[in-house]
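So you can see what is in the structure, the chains are spelled out below.
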Amino acid sequence: MNDQKVTKNVKEIKVDLDKCIGCRACEIACSAFHSRPRFGATNPARSRIRVVIDELNDVYVPIRAGDYTPAECTGRHKYTINGKEYNECSFCGVSCPSRDYFKEPDSGLPLKCDMCEEDPTLSEPWCVQVCRCDCLTYVEREELVEAEDEPRGEMELGLESLMNKYGVEKVLDAVARVSSKR
Amino acid sequence: MRYAETGFNLEIDLSRGSIERVETDPRLTPLHLGGQGTAAKILWDRVPPELDPFSPDNLLIFSTGLLHGTPVPGANRTAVNTFSPQTNFYSHSLFGGFFGPELKHAGYDKIIIRGKSSDLVYLWIHDDKVEIRDATHLRGKGAIETGALIKEELKEPEAQVAAIGLAGENRVYMSTIEHSNSSASRGVGVIMGDKKLKAIAVRGTKDINVARPAELFEICDRQYREIYDNPNCGCVFRHEDDESWHINNFAWGNARERRKGMWTQEREAEWAATTRKYTVRWTSCYNCPKDCHISIAYPGRQRYQLKCYSKLTYSMAAYEELDFNYSILGLTQEYGLDGFTTPQLLAFAVELYEAGILTDQDMPGFPATTAERFFWLVEKIARREGIGDVLANGVYWAARQIGKGAEEFDHNTMKKFEQVPLKLSMVNFPYFLMYATGEKMNITQIEGSYPQVPIADREEREEFVAGWEAAPERFKRWFLDWEPREHQSIEASVNIADWNETMHYIDDTIGTCAFLSSFRGQFGGRPPYHIYNLPQFVSCATGMELDDSDLWKIAARNRNLIRALNIRRGLRRSDEKPPEDHWKKRDPEMEQKMLDAYYEFKGWNSEGIPTRKTLEALSLEYVADDFEQRGILPEGEGTPLQEAVQRAGNR
Ligand code: SF4
Ligand code: SF4
Ligand code: SF4
Ligand code: SF4
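Given the structure is predicted, the values throughout are model-derived calculations rather than measurements.

Asks: Outline the overall build of chain A, listing residues and values.
Replies: When helices and strands are counted, chain A shows 4 helices and 6 strands. Ordered by position from the N terminus, the helices and strands of chain A form the series β-α-β-β-β-β-α-β-α-α. Among the 182 residues that make up chain A, the fraction classed as buried is 37%. Considering only residue pairs separated by 6 or more positions, chain A has 63% of its internal contacts joining residues 24 or more positions apart. For chain A, the exposed surface amounts to about 11000 Å²; the carbon and sulfur share of it is 51%.

Written as structure tokens, this is what we have:
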């Protein structure tokens, strides 16, 4: 543990639901940017942003792909905002068995938004760039955070789950044992 | 590898319940591109001219555009083609939204429907899985409501649905096919209803290959931004409260009169408040930044989306305030009734009643106010009940069935089809030609590249021409010399008609929206798509190397093939005239000269029939052969022998 503060670059995409016109250009651009070769194909089914549209209830909600889950939620909220009802799923970016979003159509593998970080020269992520009516806007800001709040790598996450399961002592013993055999 | 197109059509026979995925002939793409063009070829090959449009063998074809499913912005117009029972000619309709690109991603360029189901069904296309499903539980359901119900029962919120309403089920001639924020009008819903096909739902997740993807994406990204910034494209009235253009220029009632002084500031404020009250959101079509449609919530009605001038058509036909239009549209869109022709039909019926031609006997319980009468008539027509059964055949046929002088009230049809309610003073020759010779039955599908009126100020005019990238040089010259209240020369008129329609013929093959292209040059002269930049989009997507003249030639080929479809069904020069009273001041002699010149320019004979020479130059020899076999063209016409004989005869 340390109590050092570090600055972290926080990237946000703000969504103004009232401004969405349902054009799906964000889906098209995202799928193009992530296709191999880059811009090789456009296909909304492969996009990491999807616009949840229910025309009759005036639901237009762009959501970005987040984590994967093997099981859908058992119970879900229904939100009423300004007299309009939304399902919880309409705000949820999880690649989830309850729906088609955020899965590669061929393999079914989950898709995840990476904020277009593959191309560091981009001033803004692609979905934001093409959203001309400013439903999506991009904000980057510096935030002072505890050093430990830095995103942890895969190894740390794995170790942590092992410690949760077996306790710190046992994990350390195991590490000593295994490494002595090498 | 095939680029931009999937290379497969879906063939559905509703009589036999069969479904086939059929590979298409790749040689047709360079000849016709796709969309309406390749659909015309299928209609030519497979629907003989004697065939009754209500025959099970009539085809109903849904065509994606060649550029659907590519990143080309605004490429989302699905073409629907068949033969119309109203005109007995080729029927052409377009609808936007999301259907075409979805179908393409499902792996199909077209859906070709033949046969008739014994009871109401719908089609469910999910990539390779295609089913014909029972739709009897959807009978009588609204067209938009049907879409929602189907998505729910399939648990496929992402499916795109095109459906007919009650009017289509009952084979009302002016019935539409409704999808999302768009409708297919001009006589295609009636055939879908005749085939007992309630809806088509489609979901597609496959990739579409394009030839030069990175280059294409780059020009499309630029184009998308340009479209957003360009004030001269999309529906320019969509955020406007000032309706004076339509209110002052279009005719009210049964296309009867223009009402000067009707549009005042007070009315504008009132109507604006009405619109605010019901507006929920502006929406666009697939991959287009122009939000041309307004989602409307009218109390007690199904939510619907408003498009272009149907905002006013019912109010103007009924001499009513705007609220009436919002109310009746909520009903008629669910019934699936065309918002352009239906109001005229209703106004026509009201006129017949007032003239004593239709009586209380024909119309028991006919209400007293025009607004109530319109609602009364809509219910009868959508159900084909009583007088509604007659009116459901459109103004032309209803007038003849009713008789007793009703024919006199049919003053705004052409080729048996209701026209835009425009009554103008002085004949305009390019417009005369477009009305008379168009195969698409509605002027909005023909006009659009050359301005409707000259610019009075010389300097402004020069400025306009200087930045007019969309126009071939000759049009710049003609426009520069065009003074107010002057006619355009024969040569200019013929060329203007030709250019205007050519741009539509291009859009209708590649699937780009006319609001970004063929329809949008006439106001402001800065359409995002035009003859000089379209080739690059098509080339990058398809890999075909072509330029503006190639594109023009393909459009001419499609134009002639579609002409041939109608010629084979009996269309002749005598049919080619605009509504009698479209212009107050006509010039019959000059009009006929214009028509002669236009036919000659097109390479058609004096009856408006494409000659063998013309057809051969467009690789349409098979049309010429067919014409000769049927005696439509004299045999051997245009051959050296025949020309020698003619020369000898002239001596
Ligand atoms: S690009 Fe913007 S407006 Fe268009 S669908 Fe995406 S979020 Fe909505
Ligand atoms: S989509 Fe999200 S909210 Fe809906 S069930 Fe899945 S995880 Fe839960
Ligand atoms: S930020 Fe990039 S990866 Fe994420 S949804 Fe937008 S375009 Fe796709
Ligand atoms: S210009 Fe309007 S009608 Fe045309 S594709 Fe765009 S939103 Fe649709």
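Asks: Residue-level account of the overall build of chain B, with values.
Replies: Check the secondary structure of chain B and you find 25 helices and 19 strands. At 24 Å, chain B has a C-alpha radius of gyration in line with the 26 Å of a compact globule built from 651 residues. Here the C-alpha coordinates of chain B stretch approximately 70 × 60 × 50 Å along the principal axes. Classification of the 651 residues of chain B by burial places 65% in the buried group. Partitioning the intrachain contacts of chain B with sequence separation of at least 6 by distance along the chain shows that 69% fall at a separation of at least 24. Of the accessible surface of chain B, which amounts to about 22700 Å², a share of 49% is contributed by carbon and sulfur atoms.

Asks: Explain the pairing of strand S2 (residues 49–54) of chain A to me, and be specific about the residues and the numbers.
Replies: Pairing between S2 of chain A and strand S3 (residues 59–64) of chain A: 6 bridges, direction antiparallel. When the sheet's bridge partners are listed, isoleucine 49 of chain A is paired in S3 of chain A with arginine 64 of chain A.

Asks: Go over helix H7 (residues 213–229) of chain B, please, and point to the residues and values.
Replies: Here H7 of chain B is 17 residues long and its end C-alpha atoms lie 24 Å apart, about the 24 Å a rise of 1.5 Å per residue gives. Here H7 of chain B has its buried residues at Leu216, Phe217, Ile219, Cys220, Asp221, Gln223, Tyr224 and Ile227 of chain B. Those residues of H7 of chain B that are buried are in contact with helix H1 (25–34) and helix H2 (126–130) of chain A together with helix H20 (534–542) of chain B.

Asks: Quick rundown of the domain arrangement of chain B? Include the residues and the values.
Replies: Residue and element names in this part refer to chain B. When cut into domains, chain B gives domain 1 (8–203), domain 2 (244–418) and domain 3 (424–649). On a C-alpha basis, the centroid separation for the pair domain 1 and domain 2 is 26 Å. Listed by partner, the interface residues are 37 residues for domain 1 and 33 residues for domain 2. For the domain 1 and domain 2 pair, buried surface summed over both sides reaches about 2700 Å², with 54% attributable to carbon and sulfur atoms. If you sort the residues of domain 1 by the area they bury against domain 2, Gln86, Met174 and Asn181 come out on top, with a joint share of 27%. At the boundary of domain 1 and domain 2, one finds 1 salt bridge. Between lysine 307 and glutamate 178 there is a salt bridge; the shortest N-O distance is 3.8 Å.

Asks: Explain the nonpolar core to me, using residue names and the numbers behind them.
Replies: Residues and elements named next belong to chain B. Counting residues in each nonpolar core, the largest one holds 80 residues, and the members touching the most others are Phe348, Phe374, Leu377, Ile381, Leu391 and Ile402. No other element matches the 8 residues that helix H12 (residues 341–354) contributes to this core. In this structure phenylalanine 348 touches Asn254, Leu391, Val395, Ala398, Ala399, Ala406, Phe409 and Asp410, once residues within four positions along its chain are discounted. Within the second largest apolar cluster, 77 residues are counted, among which are Leu43, Leu67, Cys292 and Ala492.

Asks: Can you lay out the interface of chain B and chain A for me, pointing to particular residues and giving the numbers?
Replies: Each partner contributes residues to the interface: chain B has 39 residues there, and chain A has 35 residues. In total, chain B and chain A occlude about 3000 Å² of area from one another, counting both sides; carbon and sulfur atoms represent 49% of this. In this assembly, chain B and chain A are joined by 4 salt bridges. Between arginine 203 of chain B and aspartate 100 of chain A there is a salt bridge, with the nearest N and O atoms lying 4.0 Å from each other. Taken together, the links from chain B to chain A amount to 14 residue pairs in polar contact (both at pLDDT 80 or more). Among the elements of the structure, helix H3 (99–106), helix H4 (143–154), H7 and strand S13 (279–283) of chain B are those that each provide at least two residues to the side of chain B that touches chain A. Broken down by element, the residue count for the side of chain B that touches chain A peaks at 7 residues, all from H7 of chain B. The residue inventory of the side of chain B that touches chain A, partitioned by class, reads 17 nonpolar, 11 polar and 11 charged.

Asks: Which residues make up the pairing of strand S14 (residues 293–296) of chain B, and what values go with them?
Replies: The two faces of a sheet get side chains in turn, since along a regular strand they alternate between them. Residues and elements named next belong to chain B. Taking every second residue as pointing to the same face, both faces of S14 are buried, with His293 and Ser295 on one and Ile294 and Ile296 on the other. Taken together, the 4 bridges between S13 and S14 define a ladder with antiparallel strand orientation. What sits directly across from arginine 281, in S14, is serine 295. As defined by bridge partners, S14 adjoins strand S15 (residues 304–306) across 3 bridges and the pair is classed as antiparallel. Across the sheet, residue isoleucine 294 finds its bridge partner in S15, namely leucine 306.

Conventions and cut-offs
Residues numbered from 1 in each chain as written. Chains lettered and ligands numbered in written order. Predicted model: local features only at pLDDT ≥ 70, side-chain atom pairs only at ≥ 80, totals over all residues. Heavy atoms only, no water. Helix = DSSP H or I, 4+ residues; strand = E, 2+ residues; numbered from the N terminus. Buried < 20%, exposed > 50% of the residue type's maximum accessible area, 1.4 Å probe, protein only. Contact = heavy atoms within 4.5 Å. Areas by Shrake-Rupley, 256 points an atom, 1.4 Å probe, with all protein chains shown as cover. Rg over C-alpha atoms; globule rule 2.2 N^0.38 Å. Pairing = 2+ DSSP bridges. Expected span 1.5 Å × (residues − 1). Domains from an automatic or database assignment. Buried area = accessible area lost by both parts, 1.4 Å probe. Salt bridge = Lys/Arg side-chain N within 4 Å of Asp/Glu carboxyl O. Core = buried A, V, L, I, M, F, W, Y, C linked by side-chain atoms within 4.5 Å. Polar contact = N/O pair within 3.5 Å; in protein donor to acceptor, adjacent residues only side chain to side chain. Nonpolar A, V, L, I, M, F, W, Y, C, P; charged D, E, K, R; others polar.

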